[in-house]
Amino acid sequence: MRKSTIKLTKHELDFASDTIYPETKQSVMLKMRELFAECGQKLNQNVLYQELTQNGQFKITKGEQYKGLPYLVLDCPQIKGSDFDWVARTMFWWGHYISCNLIIRTDMLEPKKQASALHQLKKTRILTGHNLWEQELESDAYSKLSDLSIVDITHILQDNTYLKISRKIALRKHARLPEITNIIYSEWFTALGIKKGAD
């Protein structure tokens, strides 16, 4: 009988022969889910967040194939469908980082006023591409706010249905995640001055 041309490498064979890898992955995803639940609860207690929404429900979604890798997403508040006003989305992307993302309809903003506030944000990127769900923050789809002028930011707000700003959190900081995400979203809520009833 002829052998197949498909053959596992030694590295792949070692992985397939040991249960520690899927068990460790399951443990990591479970702990990250628990951390995300704490993030959602802490954000629900945030006065700035409470001023923006009457919907305290959040949703945690697990997936296996964002660019071939597992991920976990926390949406605050929970969104239903593609037509929504705003969401604070936190994502764990296996092998990469955790990211905070604020996505908001631009018709809820005052471009000229809020472009100046956005320009002051540190370590924050803005989506300049067209795929709202792109999560690779170092791709060409994103720019650092500090690299753009206020005029550039104003044009982004005027020319797009949604604004998306994002920030990376290193995985090594995971134990402080509820505190860190709360600080980041608070800074963004304050800078944008989003008005109540936006959900």
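Please refer to the structure placed before this passage.
Predicted, not measured: the structure shown is a model, and the values here were computed from it.

Draft legend 1. Fine view of the packing of aromatic side chains. According to the stated counting rule, one finds 12 aromatic pairs in the structure shown. Measuring from centroid to centroid gives 5.8 Å for Tyr49 and Trp86, while their planes differ by 70 degrees, and the two rings are edge-to-face. Highlighted residues: Tyr49 in helix H3 (residues 47-52) and Trp86 in strand S3 (residues 86-93), separated in sequence by 37 residues. There is no split in this pair, since Tyr49 and Trp86 are both buried. Measuring from centroid to centroid gives 6.0 Å for Trp93 and Tyr97, while their planes differ by 90 degrees, and the two rings are edge-to-face. Here Tyr97 falls in the buried class, since its relative accessible area comes to 9%. Here Arg105 stacks its cationic end above the ring of Tyr162, 5.6 Å away from the centre of that ring.

Draft legend 2. Inspection of helix H6 (residues 177-192) at higher detail. Compared with an ideal rise of 1.5 Å per residue, which puts 16 residues at 22 Å, H6 spans 22 Å between its outermost C-alpha atoms and is within 8% of the ideal. Those residues of H6 lying buried are Leu177, Pro178, Ile180, Thr181, Asn182, Ile184, Tyr185, Ser186, Trp188, Phe189 and Leu192.

Draft legend 3. Fine view of the sheet that holds strand S5 (residues 125-127). Judged by pairing direction, the sheet is antiparallel, and its 7 strands sit side by side in the order S1-S2-S3-S4-S7-S5-S6 without closing on themselves. A strand with exactly one partner marks an edge of an open sheet, and here the two such strands are strand S1 (59-66) and strand S6 (142-144). For this sheet, the mean angle separating the axes of adjacent strands, direction not counted, is 25 degrees. The pairing of S5 with strand S7 (residues 162-169) spans 2 bridges and is antiparallel. Along S7, the bridge assignment pairs Ile126 with Ile165. Sitting on the sheet, helix H2 (residues 20-44) is in contact with S1, strand S2 (69-76), S3 and strand S4 (97-105), with an inclination near 15 degrees to S2.

Draft legend 4. Structural detail: the nonpolar core. With 40 residues, the main nonpolar core has Leu118, Leu163, Ile165 and Phe189 as its most contacted residues. With near-sequence residues (within four places) excluded, Phe189 lies in contact with Leu43, Leu48, Tyr49, Leu52, Trp86, Leu102 and Ile194. Among the nonpolar cores identified, the runner-up in size contains 15 residues, and Val73, Tyr97, Ile103 and Leu132 belong to it.

Draft legend 5. Just empty space enclosed by the protein, in detail. Taken as a whole, this structure holds 1 cavity of 30 Å³ or more when the rule is applied. Approximately 50 Å³ is the volume attributed to the largest cavity. Lining of the largest cavity is provided by Cys39, Leu43, Leu74, Cys76, Ala88, Thr90, Thr181, Asn182 and Tyr185. Contributing elements (two or more residues each) for the lining of the largest cavity: H2, S2, S3 and H6. Of all the elements, H6 adds the most residues to the lining of the largest cavity, at 3 residues. Here the lining of the largest cavity is composed, by residue class, of 6 nonpolar, 3 polar and no charged.

Draft legend 6. How the structure looks around H2. In this model, H2 (25 residues) spans 36 Å end to end at C-alpha, consistent with the 36 Å of a helix rising 1.5 Å per residue. Residues Met29, Met32, Leu35, Phe36, Cys39, Gly40 and Leu43 constitute the buried set of H2.

Draft legend 7. Highlighting the layout of surface pockets. Here the largest pocket defines a volume of roughly 360 Å³. Along the walls of the largest pocket sit 13 residues, with Lys123, Arg167, Lys168, Ile169 and Lys173 positioned nearest its centre. Secondary-structure elements contributing two or more residues to the lining of the largest pocket are S7 and H6. Per-class residue counts for the lining of the largest pocket are 5 nonpolar, 1 polar and 7 charged.

Draft legend 8. Examining the pairing of S1 more closely. Where S1 lies against S2, 6 bridges are found, and the strand directions are antiparallel. Bridge assignment links Thr61 to a residue of S2, and that residue is Val73. With antiparallel pairing between neighbouring strands as the criterion, S1 and S2 make up a hairpin whose turn holds 2 residues, including Lys67 at a positive phi of roughly 55 degrees.

Draft legend 9. Region of interest: the environment of Tyr21. Within the secondary structure layout, Tyr21 lies in helix H2. Spatially, the C-alpha atoms of Tyr21 and Arg167 are 29 Å apart, while their sequence positions differ by 146 residues. Setting aside residues no more than four positions away along its own chain, Tyr21 makes contact with Asp14 and Phe15.

Basis of the calculations
- Residues numbered from 1 in each chain as written.
- Predicted model: local features only at pLDDT ≥ 70, side-chain atom pairs only at ≥ 80, totals over all residues.
- Heavy atoms only, no water.
- Phe/Tyr/Trp six-rings, centres within 6.5 Å; stacked < 30°, edge-to-face > 60°.
- Helix = DSSP H or I, 4+ residues; strand = E, 2+ residues; numbered from the N terminus.
- Buried < 20%, exposed > 50% of the residue type's maximum accessible area, 1.4 Å probe, protein only.
- Lys NZ or Arg CZ within 6 Å of the ring centre and 35° of its normal.
- Expected span 1.5 Å × (residues − 1).
- Pairing = 2+ DSSP bridges.
- Axes fitted to C-alpha atoms, helices over the stretch in contact; angles between N-to-C directions.
- Contact = heavy atoms within 4.5 Å.
- Core = buried A, V, L, I, M, F, W, Y, C linked by side-chain atoms within 4.5 Å.
- 1 Å grid on protein atoms, 1.4 Å probe; cavity = no way out; pocket = protein on both sides within 12 Å on 5 of 7 lines; lining within 4 Å.
- Points joined across faces, edges and corners; volume = space filled by probe spheres on them.
- Nonpolar A, V, L, I, M, F, W, Y, C, P; charged D, E, K, R; others polar.

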